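Structural characterization, general
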Amino acid sequence: MTDFLYHLWTVTLGTVTDVLPIVVIVFGFQALVIRKPIPHMKNVLIGFAYVLLGLAFFLVGLEEALFPLGELMAKQLTDPVFLHGSHQLAEVLRWQDYKWVYIFAASIGFATTIAEPALIAVAIKAQDVSGGTISIWGLRIAVAIGVGAGISLGTFRIVTGTPLHYYIIAGYVLVMIQTIYAPRNIIALAYDSGGVTTSTVTVPLVTALGLGLASTVPGRSVLIDGFGLIAFASLFPMLTVMGYAQLSRWQTSRNHVRQDDTGD
Amino acid sequence: MPVFLRSIVDSFRDLLPIILVIAFFQLVVLQQAIPNLGQIAVGILMVVLGLTLFIRGLEMGLFPLGESMAYAFARKGSAAWLFAFAFALGFGTTIAEPALIAVAAKAAEIAAGANVIEQSPESLASYALGLRLTVALSVGFAIVVGVMRIIRGWPIQNLIIAGYLGVVIMTVFAPREIIGIAYDSGGVTTSTITVPLVTALGVGLASSIKGRNPMTDGFGLIAFASLTPMIFVMAYGMVV
């Protein structure tokens, strides 16, 4: 219990130091440049306290409960003994043998993205600004599908050992093509969703998966092949978010056509 | 307090997919019991409580703060101060980012392993610090460019495509060891506190400037902040 409280205390101190530069910059500019008091100062301060405390609880809870198990799981799933069914170790592994790794990567990528606080923040803003055309859950699910697909493909890349930049450059080309066809007002949000997906929850678990995989697949170097999963996780949501906007536009226009039909 | 209870339930629902995925893989695929059930239950409660508090704080503190600063700068009408603020915010939030500190240390190991730098603690530390400064500068630069885009109303895709071309060109010339780290560094720079603040700033700016649409022009700052570090980190890998 004392360990636990000590952990909570150090993590809270850690979030305070993280947020210190932001506080200094924001309040410094407010006092020296804008020279007006912040409106609803008391609420803003309480809000800051909630954010700090909330983030500390969130991190400690993850570290106590989910990360150890998730990281252990990533190690076990990439272990050759598990992949082989323990008796025929001499056989060479093919990429198909890693099917549980791909499925785990996809589902953990999806699940951690749904819980990502930064994405919730952006989704709330997007729903406000779009007047409800973009729903909080629609955006979050679209991004989560993108992260799941991206990380799954990323693990496939580590297993096969193909160079990272081929995938990323191909992804860029797809993003550019889709940008031409996507509704104009979604583009900035879609580009943003690449960057917000990967913070508190996703990065530690995904990094553990990548490093575990790179250290057990024969012929892979941890340093060269272990990285790059985050890059996949930031690329694919752009595609799925633009896809989500295209899909809802298509659905709306189809509903209009139906209404016109019944109106005749 | 039904509102508070309601948001607790919402947070629990946000977390449910992770719990299901971990339980499924542990029980069905790996066929093992779940260890330390009590500890896990306490942890999950804390995560739920933390998420609830965070979202409440977001709506009370970070969103209104970002917006009110955007309005204040727009009223003041001084672009120079706005750019200074944008740069400071990007640089300041990135230099202290724990994820970046971890990545920079890893990158120093890689560089030493490839005999790019000396294998001594001092040269490792100075390489890592240089990398952190590089990324922080690139994020500061990115937020300035992003704010300039909002003010002028440039279409975001032109700038992003130019950035992608930059990434592709740099990939050709950068040492192979740095590429994975560089691509990942784009994702680690934007923390959970920076994202809401920067988003509120962008949306606030776009709503207070005539002729800008908050949806089309307000978003996009995060996109720049995740793109420029890739280019700058590869450049750092080539120079050092």
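None of these values were measured; they are calculated from a predicted model.

**Structural notes on the overall build of chain B**
Looking only at helices and strands, chain B has ten helices and zero strands in total. Taken from the N to the C terminus, the helices and strands of chain B come in the order α-α-α-α-α-α-α-α-α-α. Each principal axis of the C-alpha distribution contributes one length, and for chain B these read about 55 × 50 × 30 Å. Counting across all 240 residues of chain B, residues that qualify as buried make up 56%. Residue pairs in contact within chain B that sit at least 24 positions apart in sequence constitute 78% of those at least 6 positions apart. Carbon and sulfur atoms provide 69% of the accessible area of chain B, an area that totals close to 9,600 Å². Measuring between centres, the 12 positive side-chain charges of chain B sit 14 Å from its 11 negative side-chain charges.

**What about the nonpolar core?**
Counting 162 residues, the largest nonpolar core has Ile186(A), Leu189(A), Tyr191(A), Phe85(B) and Tyr183(B) as the members making the most contacts within it. Among the elements that make up this core, the one with the highest residue count is helix α2 (residues 37-76) of chain B (15 residues). Each of two domains, domain 1 (1-64) and domain 2 (78-263) of chain A, supplies a minimum of three residues to this core. With residues up to four places along the chain from it excluded, the contact list for Phe85(B) reads Ile25(A), Val26(A), Phe29(A), Met69(B), Phe73(B) and Leu201(B). Residues Leu8(A), Val11(A), Leu59(A) and Met46(B) belong to the second largest nonpolar core, which totals eight residues.

**Section: the side chain of Thr113(A)**
Residues and elements named next belong to chain A. Within the secondary structure, threonine 113 sits in helix α4 (residues 99-114). Polar side-chain contacts of threonine 113 include one of 2.6 Å to the backbone oxygen of glycine 109. When sequence neighbours within four positions are dropped, the list of residues in contact with threonine 113 reads Leu119, Val143, Ala144, Val147, Thr197 and Thr202.

**A look at the packing of aromatic side chains**
Tallied over the full model, the rule gives 15 aromatic pairs over all chains. Ring centres of Tyr172(A) and Tyr164(B) lie 3.7 Å apart, and the angle between their planes is 10 degrees; this geometry places the pair in the stacked category. Here Tyr164(B) lies in helix α6 (residues 156-173) and Tyr172(A) lies in helix α7 (residues 164-181), a pairing that spans two chains. Taken as a pair, Tyr172(A) and Tyr164(B) share a single burial class, namely buried. Here the aromatic residues Phe29(A), Phe73(B), Trp81(B) and Phe85(B) are joined through ring pairs into a cluster of three or more. The ring centre of Phe63(B) lies 4.2 Å from the NZ or CZ of Lys125(A), which sits over that ring.

**A closer look at the interface of chain A and chain B**
Often, the extent of an interface is quoted as the loss of accessible area upon association of its parts. Of the residues lining the interface, 91 residues belong to chain A; the matching set on chain B comes to 91 residues. Of the charged contacts, one joins Lys125(A) and Glu67(B) as a salt bridge, the two residues approaching to 2.4 Å between their closest N and O atoms. Where chain A meets chain B, there are eight residue pairs in polar contact (both at pLDDT 80 or more). In terms of residue count, the dominant contributor to the side of chain A that touches chain B is helix α2 (residues 41-78) of chain A (23 residues).

**Quick notes on the pattern of salt bridges**
One pass over the structure, following the stated rule, counts three salt bridges over all chains. With a closest N to O distance of 2.8 Å, Arg140(A) and Asp14(B) form a salt bridge. You can see Arg140(A) sitting in helix α6 (residues 136-160) and its partner Asp14(B) sitting in helix α1 (residues 2-29), one on each of two chains. By relative accessible area, which is 4% here, Asp14(B) ends up buried. Here Arg13(B) makes a salt bridge to Asp10(B), at a shortest N to O gap of 3.5 Å.

**Remarks on a positive patch on the surface**
A surface patch of positive charge is lined by Arg35(A), Lys36(A), Arg75(B) and Lys76(B). With respect to the helices, strands and loops of the structure, Lys36(A) is situated in the loop between α1 (2-34) and α2.

**Points about empty space enclosed by the protein**
Applying the stated rule across the entire model yields four cavities of 30 Å³ or more. Approximately 180 Å³ is the volume found for the largest cavity. Looking at the lining of the largest cavity, the elements that each hand over two or more residues are α7, α8 (187-196) and α11 (229-263) of chain A together with α6, α7 (176-188) and α10 (221-239) of chain B. Estimates place the volume of the second largest cavity at around 100 Å³. As for the second largest cavity, its lining consists of Arg157(A), Pro163(A), Leu164(A), His165(A), Ile224(A), Asp225(A), Arg176(B), Ile179(B) and Gly180(B). Those elements giving two or more residues to the lining of the second largest cavity turn out to be α7 and α10 (222-225) of chain A together with α7 of chain B. Per element, the largest residue contribution to the lining of the second largest cavity is three residues, and it comes from α7(B). Split into classes, the residues belonging to the lining of the second largest cavity amount to four nonpolar, two polar and three charged.

**Observations concerning the domain arrangement of chain A**
Along its sequence, chain A is carved into domain 1 (1-64) and domain 2 (78-263). The gap between the C-alpha centroids of domain 1 of chain A and domain 2 of chain A is 30 Å.

**A short note on the packing of helix α5 (residues 121-152) of chain B against α10(B)**
All names here are of chain B. Orientation of α5 relative to α10, taken along the N-to-C sense of each, is 140 degrees, at an axis distance of 8 Å. Taken together, α5 and α10 sit at an angle that is classed as oblique. Pair α5 / α10 crosses with right-handed handedness.

**Some remarks on the environment of Ala112(B)**
Residues and elements named next belong to chain B. Inspection of the secondary structure puts alanine 112 in helix α4 (residues 98-113). Residue alanine 112 is classed as buried on the basis of its relative accessible area of 2%. Each C-alpha atom of the pair alanine 112 and glutamate 177 lies 11 Å from the other, and the pair is 65 residues apart in sequence.

**So, α4(B)**
Residue and element names in this part refer to chain B. With 16 residues, α4 should cover 22 Å at 1.5 Å per step; its first-to-last C-alpha distance of 23 Å lies within 8% of that length. For α4, every residue scored as buried is listed here: Leu100, Val103, Ala104, Ala107, Ala108, Ile110, Ala111 and Ala112. Looking one or two residues past α4, asparagine 115 carries a phi angle of roughly 60 degrees, positive in sign.

About the criteria used
- Residues numbered from 1 in each chain as written.
- Chains lettered and ligands numbered in written order.
- Predicted model: local features only at pLDDT ≥ 70, side-chain atom pairs only at ≥ 80, totals over all residues.
- Heavy atoms only, no water.
- Helix = DSSP H or I, 4+ residues; strand = E, 2+ residues; numbered from the N terminus.
- Buried < 20%, exposed > 50% of the residue type's maximum accessible area, 1.4 Å probe, protein only.
- Contact = heavy atoms within 4.5 Å.
- Areas by Shrake-Rupley, 256 points an atom, 1.4 Å probe, with all protein chains shown as cover.
- Lys, Arg positive; Asp, Glu negative; His and termini not counted.
- Charge placed at Lys NZ, Arg CZ, Asp CG, Glu CD.
- Core = buried A, V, L, I, M, F, W, Y, C linked by side-chain atoms within 4.5 Å.
- Domains from an automatic or database assignment.
- Polar contact = N/O pair within 3.5 Å; in protein donor to acceptor, adjacent residues only side chain to side chain.
- Phe/Tyr/Trp six-rings, centres within 6.5 Å; stacked < 30°, edge-to-face > 60°.
- Lys NZ or Arg CZ within 6 Å of the ring centre and 35° of its normal.
- Salt bridge = Lys/Arg side-chain N within 4 Å of Asp/Glu carboxyl O.
- Patch = residues over 30% accessible without salt bridge, like charges linked within 9 Å, V, L, I, M, F, W, Y side chains within 5 Å.
- 1 Å grid on protein atoms, 1.4 Å probe; cavity = no way out; pocket = protein on both sides within 12 Å on 5 of 7 lines; lining within 4 Å.
- Points joined across faces, edges and corners; volume = space filled by probe spheres on them.
- Nonpolar A, V, L, I, M, F, W, Y, C, P; charged D, E, K, R; others polar.
- Axes fitted to C-alpha atoms, helices over the stretch in contact; angles between N-to-C directions.
- Parallel < 35°, antiparallel > 145°, perpendicular 65-115°, else oblique.
- Left-handed = near helix turned anticlockwise from the far one by under 90°.
- Expected span 1.5 Å × (residues − 1).

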